[in-house]
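Coordinates in review
For reference, the chains in residue letters:
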Amino acid sequence: MSIEIEAELEIAVDKRRNFAIISHPDAGKTTLTEKLLLYGGAIQEAGAVKAKRAQRHATSDWMAMEQQRGISITSTVLQFDYQNCQINLLDTPGHQDFSEDTYRTLAAADNAVMLEDSAKGLEPQTRKLFEVCKMRKLPIFTFINKMDRPGREPLELLDEIEQELGLKTYPVNWPIGMGDRFKGVFDRRKQQIHLFERSIHGRKAATNTVVNLGDPQIEELLEQDLYYQLKEDIELLDELGSDLDLEEIHKGEMTPVFFGSAMTNFGVQLFLDAFLEYALKPGTHKSTVGEISPTYPNFTGFVFKLQANMDPKHRDRVAFIRVCTGKFEKDMTVSHARTGKTVRLSRPQKLFAQDRASIENAYPGDIIGLNNPGVFAIGDTIYNGKKLEYEGIPCFSPEIFAYLRNPNPSKFKQFRKGVNELREEGAVQIMYSADESKRDPILAAVGQLQLEVVQFRMENEYGVETRLEMLPFSVARWVDGGWEILKKVGRLFNTVAVKDSWGRPVLLFKNEWNCQQVESEHPELKLNNTAPVVSGQEPESL
C-alpha cells in the first residue's frame, strides 16, 4: 500500500461516523432524525409531524404510503456534514412489521441510537432490536425523548435500562424539569446548564442560553425548586453513578444517555456533539479471509438493502452499498463475489432519502446508492483484488402467509415485474407451492402491514390490482439438508412443504406446537428459523 493511499484512508475514516436509529413505533424516531438534519445544516426547516397538516412531510418518509399514514415503512439513508465530519444516518422503520428491514440496516451500521419515550421507557420492539445490536456488539447511545411531556423519573428510566438490558448507563446530560416545566438540560461534559426557548413546532433550532453551574445569573433564569433539584441530582450521579468508560461504550457494555425533546429541539445538538466525540469510527469487518481493516487498500463493500421505484418517473432500482475498505471511485470495475462476474459501478449516488446527488468517490463507513439492473441481491459482496466475501445477511422466519393473486391476466407482465422487484428488495419473502401447477407467489411476512404495502405498491408503482388469499400458517422452518432429507423422512403431518426463492424446502406449520411435534417425531430432521445464506446461486424469478 502506498503511503499516500494509507494516509488518505486514515484521514477519511477518522472523519466518518455512521449510526442507525432503533425504537418502538411512536417514540419520535422520524422527528429526531429530522432535527439531527436540522442541526447538521442539511435542511433549513424540519417537516415535523404537526406540520404535515400543511402538506409538509418528514424528509426521511418519502414513500407515498408513509406520507399518507405518517409512519416509516422503509429504511432510508441520510448523509450530511457536521463539524468537519461526514455522518451517515440510517433511519429505520419503527413498526414491528418491518423489523427485518431494520435487521438488515443494522448490518451496515457502526453505532446504534436507541430512542425511548420518557413516559413508556423500554418497549417490546426496542428490546427486540436491542438484542440484534447486542449480537452485533454495536455501541448503543440512548436518547430519552419527549421530556416536554409528563413522564417517568429519569433515575427510574436509567435503572430500567441497567436491570432489563444489562447495560451500564452514563447520563451525559441531565434534564431540568419535565413536562410543561422542562426548561433545558445540564451538560455533564462541560458542566454547563443549557436553557432552551421553544420555537413554533420546533421547525427552527431552539434558542439556547448557556450558563456555567454556580453562576449567580442562574437564580434569575431558573425557578428555585428546579435549580435545587438539579444540584441534588448532580451530586447523586457524581457519587453513585458509573464513570464514563469509552472502551465499555465501544464494546456495547455501557450506554451514554441523553435526555431531551426532539419535537421542541431541546438537547438535540448536545447529543450530536457528544456522539461525534464518543462514537465508534468505521471499523473492521469479518470476511472469508479474516478480519479486514477499513484501511485495507482495495475497495470492498456489501449490499444491505435494495429499493425499487425511489424515483417514480424512472422506475429505478437502487442497491445500497456499505463501503467497508479502500476507496470507491466512480466508474470503477469490481468483482461480484456471488456470481463471479465483473461489474462496472457507474452513476454512483450520495443518498439523502429520496433525493440523490452524483458522487465521484466514497470511503469506509459511507453508504452509496448504485443502479441495480438485477445484478445485486441483499448480502452480496463486491471487491477488488483478492477474492473475499463478508458475512451474509440471513432472512428471518415469517409469521403470516398469503397467496398473491393477479385477477387480470392481461397484466401478467407487470405483475411478474412487481413481484420480482419487491422480492429483490426484501419487502417480503416470496415462496412458491411445491406443486409446479400452482404458480401464484406466496407472500411470507412478519406482519400484516407488509402485505398491505405490497398490494399498495403493486397498484401504485406497477399498475396491478391484486387479491390476497390468506394461508392458515404462522411458523416457517428451513430444512437442513434440502429436498433429499425430506424424501427420506417421508410424509409429514400438520405441515406443508413449500419452496423459497432459492428453491429450498421450507416447512409451514399452523403453530409452534405443530412444529415441535414434527421435530420430536423426526429427530433426524434439522429445522432452522433463519434461511441459510446463499452464495453463487441466482434466486428463481416468477
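To keep things clear, this report deals only with the structure shown in the data block. The shown structure was predicted, so the numbers you read here are calculated from the model rather than taken from an experiment. Note on numbering: residues in each chain are counted from 1, in written sequence order. Only residues with pLDDT of 70 or above have their local features reported here, since the model is predicted, and side-chain atom pairs are shown and tallied only from 80 upward, although totals for entire chains, interfaces and linings are computed over all residues. Only hydrogens and water are set aside when side-chain values are computed; all heavy atoms of the structure are taken into account.

What follows covers the sheet that holds strand β27 (residues 467-471). Either a parallel or an antiparallel arrangement is found when strands of a sheet pair, and the pairing is made through backbone hydrogen bonds. When DSSP finds at least two bridges between two strands, those strands are taken to pair. For the purposes of this entry, the term helix denotes a DSSP run of H or I that reaches at least four residues, the term strand denotes a run of E that reaches at least two, and both are numbered from the N terminus. Here we have 8 strands laid out as an open sheet, ordered β27-β24-β26-β25-β29-β30-β28-β31, and antiparallel in their pairing. Of all the strands in the sheet, the pair left with one neighbour each is β27 and β31 (527-528). Where strand β28 (residues 475-479) lies against strand β30 (residues 505-509), 4 bridges are found, and the strand directions are antiparallel. Directly across from alanine 476, in β30, lies its bridge partner leucine 508. Contacts are residue-level and defined by heavy atoms, with any inter-residue pair within 4.5 Å sufficient. Helix axes are fitted to C-alpha atoms over the stretch in contact, other axes to C-alpha atoms as well, and angles between N-to-C directions run from 0 to 180 degrees. Of the strands in this sheet, β24 (400-405), β26 (442-445) and β27 are in contact with helix α12 (residues 448-462), which crosses β24 at around 20 degrees. On top of the sheet, helix α14 (residues 512-521) reaches β28, β30 and β31; it is set at about 30 degrees to β28, its chief contact.

Glancing now at the pairing of strand β3 (residues 85-91). Each residue is placed in one exposure class: buried if its accessible area under a 1.4 Å probe, protein chains only, is under 20% of its type's maximum, exposed if it is over 50%, and partly exposed if it falls in between. The buried count for β3 comes to 7 of 7 residues, which makes it a mostly enclosed element. Going residue by residue along β3, you find Cys85, Ile87, Leu89 and Asp91 tucked away on one face and Gln86, Asn88 and Leu90 tucked away on the opposite face as well. As defined by bridge partners, strand β1 (residues 16-23) adjoins β3 across 6 bridges and the pair is classed as parallel. Bridged to isoleucine 21 within β3 is aspartate 91.

Moving on to the packing of helix α2 (residues 29-39) against helix α10 (residues 268-278). Working note: a packed helix pair is described by the angle between its axes plus the distance between those axes. With their axes 10 Å apart at the nearest point, α2 and α10 run at an angle of 75 degrees to one another. On the basis of the axis angle, α2 is roughly perpendicular to α10. Of the residues in α10, those touching α2 at Leu32, Lys35, Leu36 and Tyr39 are Val268, Gln269, Phe271 and Leu272. Looking at side-chain class alone, the contact of α2 with α10 contains 6 nonpolar, 1 polar and 1 charged residues. Here is the rule for angles: anything less than 35 degrees is roughly parallel, anything more than 145 is roughly antiparallel, 65 through 115 is roughly perpendicular, and the remaining ranges are oblique. Gly counts as polar in this scheme, as do all residues outside two lists: the nonpolar Ala, Val, Leu, Ile, Met, Phe, Trp, Tyr, Cys and Pro, and the charged Asp, Glu, Lys and Arg.

Assignment of secondary structure puts aspartate 180 in the loop between β7 (173-176) and β8 (184-187). The sequence separation of aspartate 180 and arginine 149 amounts to 31 residues, and the corresponding C-alpha distance is 6.7 Å. If sequence neighbours within four positions are ignored, aspartate 180 has contacts with Asp148 and Arg198.

Moving on, we come to the pattern of salt bridges. The salt bridge criterion pairs a side-chain nitrogen of Lys or Arg with a carboxyl oxygen of Asp or Glu, the two atoms within 4 Å. Counted according to the given criterion, the structure contains 27 salt bridges. Beyond isolated ion pairs, a larger network of salt bridges with shared partners links Arg181, Lys183, Glu223 and Asp225.

Keep in mind these numbers describe shape, not what the thing actually does.
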